[in-house]
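# Structural overview
What follows is the residue order along each chain.
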Amino acid sequence: MNEHRVARRKSAKRRDFLKRAGAAGIMSLVPAAVRSAAWAAGSDAPEKKEVKIGFIPLTDCSSVVMASVMEFDKKYGIKIVPSKEASWAAVRDKLVNGELDASHVLYGLIYGVQMGLGGPKKDMAILMNLNHNGQAFTLSRKLYDKGVKDGNTLAALIAKEKGEYTFAQTFPTGTHAMWIYYWLAAHGIHPFNDVKTITVPPPQMVANMRVGNMDGYCVGEPWPYRAIVDKIGFTANTTQDLWKDHPEKVLGTTAEFVEKYPNTTRAMTAAVIDAGRWIDASLSNRQKTAEVVADKSYVNTDKEVIVARMLGRYDNGIGKTWDDPNYMKFYNDGYVTFPFLSDGMWFMTQHRRWGLLKVDVDYLAVAKKVNRIDLYKDAAAATKTSLPQSPVRVARLMDGVVWDGKDPKKYAGSFKIKVA
Amino acid sequence: MSALPATVHTLKPPRVEIGPADESTQLHPAMNQASSAPEKPLYVRTRAPDWLPRVLAPFIGLALFVALWAIIARAGGRLPDPVSTWHSAVDVFSNPFYKKGPNDQGIGWNVLTSLGRVGIGFGLAALVGIPLGFMLGRFRFLSDMAAPIISILKPVSPLAWLPIGLMVFKAANPAAIYVIFVCSLWPMIVNTAVGVRHIPQDYLNVARVLNLSEWTIFRKILFPAVLPYMITGVRLSIGVAWLVIVAAEMLTGGVGIGFWVWDEWNNLNVQHIIIAIFTVGIVGLALEQGMILLARRFSYE
């Protein structure tokens, strides 16, 4: 990892140099590059000065909120107005009808809308990834009393004691749905045939788990920790156990918005990248972020529920505490914020795996269309954020299966547990 | 539709000169008390001699309610008790009109914003529903034509209208107003139409003998006779509108008492949810009482 980062930094320096050297030469022949070079020089002002960015009250909305609170937006000539939304469905509707300019949104949701899975179909854009890690699989106390401690003991119980087991996620095409399906399947549990999986808002998950109706759920912080504080459940695994540095929320908007306001798009991406860097810069910044986002305006919760896991101090609720080096990250030297094509493709392969996507699509072409690496590079240049060497990264998930982004169609069809 | 005339009977104010005589004997007790002195100015409330128990009864009821609540809260579970809820309410209402950015505003702003939405949706519904009700009541053919549509659409849950509103208006706020409009439309149409249909045939016969124009019939006979029914429809509507706004705002977000409840639920803050329930209830009661007051002012002597 460290070697990788050094390599990235080196290559970034090289690229920076090339950029400066070439600015007057080759790049001026390409119209798009002219625009971005001019923008980088500050002569191309944002078309829209005030942008309304939606968010759902979760810890991982932090970089969007801090971009506004710490006024990173001002630096780029825009004003970010964070707008608290009621649900992911409301975020989807408001993005599609243009009521929100952009939003803190589930990675998979954007691809779901792009392909019209179970809802409206519209060309979407992912400007950057907002965070890595920081979600968790929560199981109920009731299961713990029956000897369940992790995925394997859960699978053993389900095999032994037939019954209705209910698991919840937050949106059908969203990240949490894909995480819990993958996690269950990784332990040999079919998420549709062996158990019941439903979509409900987080408070309902907690309420249902309290009365014993819900066996497990996957959702972002602070909800997993909230279950531990309320003594109704425990963390069986974090999502970083499933996939270290997995993609999660993105800064999403419509392709239409990007077309219409390219400079504003770059400016808001740059502001949120800056905010992510600031949060990741020190533990005291993280502490301060936790205090700010816990406010009634944002997540509306006690800061104690947010702060521990924000600092990487984990407690699984059944006696294990540890310092997790892979806590929720917002920048990680540009590794978090870069919209990797392989991340976008991964969600489509899982949509395909679980039958949301009925046929194979040209995964790479769709990912290239949605993940706006072109704009991201401009924003990265403006914030002096280093770029990875390749827009594709390799990951080994919990079940040992490697995803290298090379053959998405084969990967999507390779799983033993799947739908159709 | 068949159940509606019964509702109308019990809520109908009595002092309508040309109302059917048998109905003035079946008054709701509250209305009876309110209008027991017809020779006085209309809006002055005269007290019945048995006022003391009548004043005390609501307080005894409330006290019993709070006591029951305290017992349930004491018995366990996660229901906050009345005292802590009261302290929390004092806290919330001590500064109802603060504004801390678009996502955190005082409860006063939230209630006012919701009332604004209700006002627009409900006003539009009155503009459309009342004239439509007159027409449906006056012309049998129109009424028969509209009957199946109204019967099918009337029982639809308000929230089922929301996706359609979102699709049509492409914005959350107009969609919420549209939902209020649709839901408060039906009681007004139906009650107005029922009122028109219940005008004794004699009056219309007299009108025919006198050869009155349709406009004069409307002014001198239809409108005064129908007014009590109409106001009942309006009262039912405003109740529905207030019910609906809370649900609609829960789904659409933004400023408003409905989203306030949702946000507190997101935080699992039960005390605030209880405060919101009382707030919604009290505002609803105020709206209803306001309509009763209005009804009295507009009753014809």
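Residues numbered from 1 in each chain as written. Chains lettered and ligands numbered in written order. Predicted model: local features only at pLDDT ≥ 70, side-chain atom pairs only at ≥ 80, totals over all residues.

## Section: the overall build of chain B
We apply this condition: Helix and strand definitions follow DSSP, with helices as H or I runs of at least four residues and strands as E runs of at least two, each counted in order from the N terminus. Here the C-beta atoms are placed from the backbone, and a residue counts as buried if at least 20 other C-beta atoms lie within 10 Å of its own, exposed if 12 or fewer do, and partly exposed otherwise. Contact between two residues is assigned when their C-beta atoms, built from the backbone, lie within 7 Å.
Scanning chain B from terminus to terminus reveals 12 helices and zero strands. When its helices and strands are written in sequence order, chain B yields α-α-α-α-α-α-α-α-α-α-α-α. Residues counted as buried form 33% of the 301 residues belonging to chain B. Excluding contacts between residues fewer than 6 apart, the proportion of contacts in chain B whose partners are at least 24 apart in sequence is 69%.

## Quick notes on the overall build of chain A
Counting its regular elements, chain A contains 20 helices and 14 strands. Relative to its full complement of 420 residues, chain A shows a buried share of 55%. Restricting the contact set of chain A to residue pairs at least 6 apart, pairs at least 24 apart contribute 78%.

## Thoughts on unusual backbone geometry
Across the junction of E221 of chain A and P222 of chain A, the peptide omega takes the value 10°, indicating a cis bond. Despite not being glycine, D333 of chain A shows a phi value in the positive range, around 60°. As for its placement among the helices and strands, D333 of chain A is situated in the loop between β12 (321-323) and α17 (341-353). Unlike most non-glycine residues, N211 of chain B shows phi in positive territory, near 60°.

## What to know about the sheet that holds strand β8 (residues 216-220) of chain A
Residue and element names in this part refer to chain A. Threshold: Paired strands are those between which DSSP finds at least two bridges. Here the axes come from fitting lines to C-alpha atoms, over the contacting stretch only for helices, and the angles between their N-to-C directions go from 0 to 180 degrees.
Taken in spatial order, the five strands line up as β7-β6-β8-β5-β9 in an open sheet, and their pairing is mixed. Two strands close off the open sheet at either side, each with one partner strand: β7 (196-199) and β9 (233-238). Going across the sheet, the axis of each strand differs from the next one's by a mean of 25°, ignoring polarity. Where strand β6 (residues 166-169) meets β8, two bridges bridge the pair, whose relative direction is parallel. Pairing of F167 across the sheet is with G216, part of β8. Against the sheet, helix α10 (residues 202-210) engages β5 (135-140), β6, β8 and β9, with an angle of about 150° to β8.

## Notes on the packing of helix α3 (residues 62-69) of chain A against helix α14 (residues 262-281) of chain A
Residue and element names in this part refer to chain A. Stated formally: These descriptions rest on fixed angle ranges, namely under 35 degrees for roughly parallel, over 145 for roughly antiparallel, 65 to 115 for roughly perpendicular, and the rest for oblique. Gly counts as polar in this scheme, as do all residues outside two lists: the nonpolar Ala, Val, Leu, Ile, Met, Phe, Trp, Tyr, Cys and Pro, and the charged Asp, Glu, Lys and Arg.
Axis separation between α3 and α14 bottoms out at 8 Å; the angle between their running directions is 100°. When the axis of α3 is compared with that of α14, the two are roughly perpendicular. Contacts from S62, S63, V64, M66 and A67 of α3 reach α14 at A271, V272, D274, A275, G276, W278 and I279. A per-class count over the contact of α3 with α14 returns eight nonpolar, three polar and one charged.

## Digging into the nonpolar core
Filter applied, for reference: By definition, a nonpolar core groups buried Ala, Val, Leu, Ile, Met, Phe, Trp, Tyr and Cys residues that are joined through C-beta atoms within 7 Å.
Core analysis: the largest hydrophobic core is formed by 180 residues, its most contacted members being I110 and A271 of chain A together with V179, I180 and A241 of chain B. For A271 of chain A, the residues in contact, after removing those within four places along its chain, are A67, F72, D73, K75, Y76, I78 and I80 of chain A.

## Regarding the confidence of the model for chain B
Residue and element names in this part refer to chain B. Selection rule: pLDDT: the predictor's confidence for each residue, scored from 0 to 100.
The predicted model of chain B averages 80 in pLDDT, with 82% of residues at 70 or higher. Residue range residues 1-38 is modelled with pLDDT below 50. Its contacts to residues more than four positions away, or to other chains, number 54 contacts. Both confidence scores are given for the complex: pTM 0.78, ipTM 0.71.

## Overview of the packing of helix α5 (residues 107-138) of chain B against helix α6 (residues 140-153) of chain B
All names here are of chain B. Two numbers describe how α5 lies on α6: the axes approach to 5 Å, and their chain directions differ by 115°. On α6, the residues that touch M135, L136 and G137 of α5 are L142, S143 and A146. The residue makeup of the contact of α5 with α6, split by class, is four nonpolar, two polar and no charged.

## Here's the deal with the pairing of β7 of chain A
Residue and element names in this part refer to chain A. Note the cut-off: Convention used here: a crossover is right-handed provided that the path from the first strand, over the helix, to the second strand proceeds clockwise when the strands point away from the viewer.
Both β6 and β7 contribute to a ladder of four bridges, which runs parallel. Within β7, the residue paired with A168 across the bridge is I198. The β-α-β motif built from β6, the intervening helix α9 (residues 175-186) and the parallel element β7 has right-handed crossover chirality.

## Looking at the interface of chain A and chain B
Taken together, the contact pairs 20 residues of chain A with 20 residues of chain B. Only β2 (79-84), α5 (88-96) and α10 of chain A provide two or more residues apiece to the side of chain A that touches chain B. Of all the elements, β2 of chain A adds the most residues to the side of chain A that touches chain B, at four residues. Among the residues forming the side of chain A that touches chain B, the class breakdown is eight nonpolar, six polar and six charged.

## Thoughts on the sheet that holds strand β10 (residues 249-254) of chain A
Residues and elements named next belong to chain A. Strand order in the open sheet formed by five strands is β2-β1-β3-β10-β4, and the pairing between neighbours is mixed. Each having just a single partner strand, β2 and β4 (124-129) make up the two edges of the open sheet. The sheet shows a mean angle of 30° between the axes of neighbouring strands, taken without regard to direction. Bridging between strand β1 (residues 50-55) and β2 involves six bridges; their strand directions are parallel. For F55, the partnering residue across the bridge sits in β2 and is K84.

## Brief notes about the environment of I274 of chain B
All names here are of chain B. Among the structural elements, I274 can be located in helix α12 (residues 270-298). By the C-beta count within 10 Å, which is 20 here, I274 ends up buried. With 195 residues separating them in the primary sequence, I274 and L79 have C-alpha atoms 9.4 Å apart. With residues near it in sequence (within four places) discarded, I274 still touches P80 and T85.

## Re the environment of S342 of chain A
Residues and elements named next belong to chain A. Relative to the helices and strands, S342 is located in helix α17. For the pair S342 and P391, spaced 49 residues apart in sequence, the C-alpha separation works out to 7.2 Å. Ignoring any residue separated from it by four or fewer positions in sequence, one finds S342 in contact with V392, R393, W403 and G405.

## Section: α5 of chain A
Residue and element names in this part refer to chain A. Burial runs high along α5: seven of the nine residues are buried. Buried within α5 we find W88, A90, V91, R92, D93, K94 and L95. Backbone geometry just downstream of α5 places G98 in the positive-phi region, at approximately 80°.

## Examining helix α3 (residues 51-74) of chain B
All names here are of chain B. This is how the line gets drawn: Any helix carries an expected span of 1.5 Å times its number of residues minus one.
Between its first and last C-alpha atoms α3 spans 35 Å; for 24 residues at 1.5 Å apiece the expected length is 34 Å, and the two agree. Across the 24 residues of α3, zero count as buried, placing the element largely on the outside. G76 sits one or two residues past α3 and shows a positive phi near 120°.

## Observations regarding the confidence of the model for chain A
In the predicted model, chain A carries a mean pLDDT of 88, and the fraction of residues at 70 or more is 90%. In this model residues 17-38 of chain A is a low-confidence stretch, pLDDT under 50, and it forms 10 contacts with partners more than four residues away in sequence or in other chains.

## So, the environment of K244 of chain A
Along the chain, the position of K244 of chain A falls in the loop between α12 (239-242) and β10. Once the C-alpha coordinates of K244 of chain A and A365 of chain A are considered, the two residues, 121 residues apart in sequence, prove to be 26 Å apart.

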